Amino acid sequence: MRLDGELMVAGEQSRLDFELLAARARRTGRRAAESAAQTPAHFVAFDILQLGEEVTMRLPHRRRRELLEDLFCCRETRWW
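Residues numbered from 1 in each chain as written. Predicted model: local features only at pLDDT ≥ 70, side-chain atom pairs only at ≥ 80, totals over all residues. Heavy atoms only, no water.

Where do I start with the overall build of the protein in this structure?
Helix and strand counts for the protein stand at three helices and three strands. The order of helices and strands in the protein, counted from the N terminus, is β-α-α-β-β-α. For the protein, the C-alpha radius of gyration of 16 Å lies well beyond 12 Å, the compact-globule estimate for 80 residues. Across its three principal directions, the C-alpha atoms of the protein cover 40 × 25 × 20 Å. Counting the 80 residues in the protein, one finds 20% classified as buried. Long-range pairs, those at least 24 residues apart, make up 51% of the contacts in the protein between residues at least 6 apart in sequence. Distance between charge centres in the protein, computed from 14 positive and 13 negative side chains, equals 4 Å. (Helix = DSSP H or I, 4+ residues; strand = E, 2+ residues; numbered from the N terminus. Rg over C-alpha atoms; globule rule 2.2 N^0.38 Å. Buried < 20%, exposed > 50% of the residue type's maximum accessible area, 1.4 Å probe, protein only. Contact = heavy atoms within 4.5 Å. Lys, Arg positive; Asp, Glu negative; His and termini not counted. Charge placed at Lys NZ, Arg CZ, Asp CG, Glu CD.)

Can you help me understand the pattern of salt bridges in this one?
In a structure, side chains of opposite charge can pair up when their charged atoms sit close to one another. Scanning the entire structure with this criterion turns up three salt bridges. Across the pair Arg63 and Glu66 runs a salt bridge whose closest N-O atoms are separated by 3.3 Å. Placement of both Arg63 and Glu66 in helix α3 (residues 61-72) is noted, with a separation of three residues, approximately one turn of the helix. A relative accessible area of 36% places Arg63 in the partly exposed class. Here Glu66 falls in the partly exposed class, since its relative accessible area comes to 36%. Across the pair Glu69 and Arg65 runs a salt bridge, and its minimum N-O distance is 2.8 Å. (Salt bridge = Lys/Arg side-chain N within 4 Å of Asp/Glu carboxyl O.)

How should the pairing of strand β2 (residues 41-51) be read in this particular structure?
For a regular strand, the rule is simple: side chains alternate between the two faces of the sheet. Note that strand β1 (residues 2-9) and β2 share eight bridges and pair antiparallel. Along β2, the bridge assignment pairs Gly5 with Ala45. (Pairing = 2+ DSSP bridges.)

Explain the sheet that holds β2 here, please?
Strand pairing in a sheet relies on backbone hydrogen bonds, with the paired strands running either antiparallel or parallel. Here three strands make up an open sheet; going across it, the order is β1-β2-β3 and the pairing antiparallel. Only two strands of the sheet have a single partner each, and these edge strands are β1 and β3 (54-55). In this fold α3 packs onto β1 and β2, with an angle of close to 125 degrees to the strand it touches most, β2. (Axes fitted to C-alpha atoms, helices over the stretch in contact; angles between N-to-C directions.)

Structure below.
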């Protein structure tokens, strides 16, 4: 499976904060672990590029969206 998406960090009032993400990415070692615990990042998938052996990029966007929704519909709560 190949997904397209972005890594995101929520800042104040649950708004996306790219500066927090960049600051987190620059940390290493113990500081990186502390930063990850304090400001968790989430991968937000917005397209499915391949499912098993099937390359889906030539499918209409509506169909890819359906595949993506089907993929995540019955997962644990940590999946959105």
